[in-house]
Amino acid sequence: MSTENVFQRDANHVPITNLGLIESKSITYVAGTTGAIGATTLFTVTGTVACNVFAICDTDLTGTGTLEVGTTSSTAALCNQQSATAIDAHEVWHDNVLAVGGQVAGHQHIIDQNIIQTIATNTVTGGVLRYYCFWTPLSDDGNVVAA
């Protein structure tokens, strides 16, 4: 059996054996702009990909809004809804878990839509989240780019 049938390969034909390719995006929340109620595209997805999305909080979030991460078809498919005030510095937010040193490896979602963050209920008035998307293309045109 050829390893070409087993591993995805990068542009240099080197097997990708880690968590996949990585994209990241940081958001500093400000009421009325980045913290306003509504959906924001985090990552633009082309084709079909397997992905794992999580966020690391750099600065405690403030405000009474709620956040969730998913796609337009399922807005909380990747990170379940959390209250902004529940997300504190140094915590990892993944699925419905908030934990310092949270475990995120190996949890893949198959998607073919952009990855969005939705702020609901009220605004997020402050704080900083760094979003990460570990991804692997499944279709020939599979790609993820930070929006």
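Residue numbers here run from 1 along each chain, matching the order of that chain's written sequence. With pLDDT at 70 or above as the cut-off, local features in this predicted model cover only qualifying residues; side-chain atom pairs require 80 or more to be listed or tallied, and sums for whole chains, interfaces and linings still use all residues. Only hydrogens and water are removed before side-chain values are computed, so all heavy atoms of the structure are retained for them.

1. With respect to the overall build of the protein
And then number 1: Broken down by element type, the protein carries zero helices and 13 strands.
And then number 2: Moving toward the C terminus, one meets the helices and strands of the protein in the order β-β-β-β-β-β-β-β-β-β-β-β-β.
And then number 3: Relative accessible area decides the class of each residue, using a 1.4 Å probe on protein chains only: under 20% of the type maximum gives buried, over 50% gives exposed, and in between gives partly exposed. Taken over 147 residues, the protein has a buried fraction of 39%.
And then number 4: Pairs of residues are marked as contacts when any of their non-hydrogen atoms sit within 4.5 Å. Put simply, of all contacts in the protein between residues at least 6 apart along the chain, 75% involve residues at least 24 apart.
And then number 5: A 1.4 Å probe and the Shrake-Rupley method give the accessible areas. Residues count as covered only by the protein chains that appear here. Total accessible area on the protein stands at roughly 7,200 Å², and carbon and sulfur atoms take up 52% of it. Numbered from the N terminus, helices here are DSSP runs of H or I no shorter than four residues, and strands are runs of E no shorter than two.

2. A word on the sheet that holds strand E4 (residues 38-46)
And then number 1: Paired strands, as defined in this entry, are two strands with at least two bridges between them according to DSSP. Read from one edge of the open sheet, five strands run E7-E6-E11-E4-E13, paired in antiparallel fashion. Every interior strand has two partners, whereas the edge strands, strand E7 (79-83) and strand E13 (143-146), have only one. Averaged over all adjacent pairs, the angle separating strand axes in this sheet is 20 degrees, with direction ignored.
And then number 2: Bridge count for strand E6 (residues 66-70) against strand E11 (residues 115-120) is five bridges, and the pairing is antiparallel. For Glu68, the partnering residue across the bridge sits in E11 and is Thr118. Lines fitted to C-alpha atoms define the axes here, with helix axes fitted over just the stretch in contact, and angles between the N-to-C directions of these axes take values from 0 to 180 degrees.

3. Focus: the pairing of E4
And then number 1: In this sheet, E11 lies alongside E4 in antiparallel orientation, the contact comprising five bridges. Residue pairing across strands places Ala39 opposite Thr118, the latter belonging to E11.
And then number 2: Pairing analysis gives four bridges linking E4 to E13, with the strands arranged antiparallel. Residue pairing across strands places Phe43 opposite Ala146, the latter belonging to E13.

4. Describing unusual backbone geometry
And then number 1: Positive phi, close to 75 degrees, is recorded for His90, a residue that is not glycine.
And then number 2: Along the chain, His90 turns up in the loop between E7 and strand E8 (91-94).

5. Section: the confidence of the model for the protein
Interpreting fine coordinate detail is not advised for predicted regions of low pLDDT.
And then number 1: Summary of the metric used: pLDDT quantifies the predictor's per-residue confidence within the range 0 to 100. Averaged over the protein, the pLDDT score is 87; the fraction of residues at 70 or greater is 85%.
And then number 2: When pLDDT is averaged over each element of the protein, E4 comes out on top at 97 and strand E1 (residues 8-9) at the bottom at 63.
And then number 3: Residue range residues 1-5 is modelled with pLDDT below 50. Its contacts to residues more than four positions away, or to other chains, number four contacts.

6. Considering the state of the cysteines
And then number 1: When the sulfur atoms of two cysteines come within 2.5 Å, that pair is taken as a disulfide. The full count for this structure, using the stated rule, is zero disulfides.
And then number 2: Cys79 takes part in no disulfide bond, and the closest cysteine sulfur to it belongs to Cys51, at a distance of 9.8 Å.

7. A closer look at the nonpolar core
And then number 1: Tyr29, Leu67, Val69, Trp93, Ile115, Leu129 and Tyr131 are the most contacted members of the largest nonpolar core, which totals 27 residues.
And then number 2: Residue assignment for this core shows that the elements contributing at least two residues are E4, strand E5 (49-62), E6, E11 and strand E12 (126-137). Within this scheme, the nonpolar core is defined by two criteria: the residues are buried Ala, Val, Leu, Ile, Met, Phe, Trp, Tyr or Cys, and they are joined through side-chain atoms within 4.5 Å.

8. Structural notes on the packing of aromatic side chains
And then number 1: Pairing of aromatic rings covers Phe, Tyr and Trp, the last through its six-membered ring, and needs centres within 6.5 Å; plane angles under 30 degrees mean stacked, over 60 mean edge-to-face, and all others mean tilted. This model, assessed by the stated rule, comprises three aromatic pairs.
And then number 2: Between Phe54 and Phe134 the ring centres are 5.4 Å apart and the planes differ by 85 degrees, which places this aromatic pair in the edge-to-face class. Here the residue Phe54 occupies a position in strand E5, and Phe134 occupies one in strand E12, the gap between them amounting to 80 residues. Each of the two residues, Phe54 as well as Phe134, counts as buried.
And then number 3: A centroid spacing of 6.5 Å and a plane angle of 55 degrees characterise the contact between Trp93 and Tyr131, whose relative ring orientation is tilted. Here the residue Trp93 occupies a position in strand E8, and Tyr131 occupies one in strand E12, the gap between them amounting to 38 residues.

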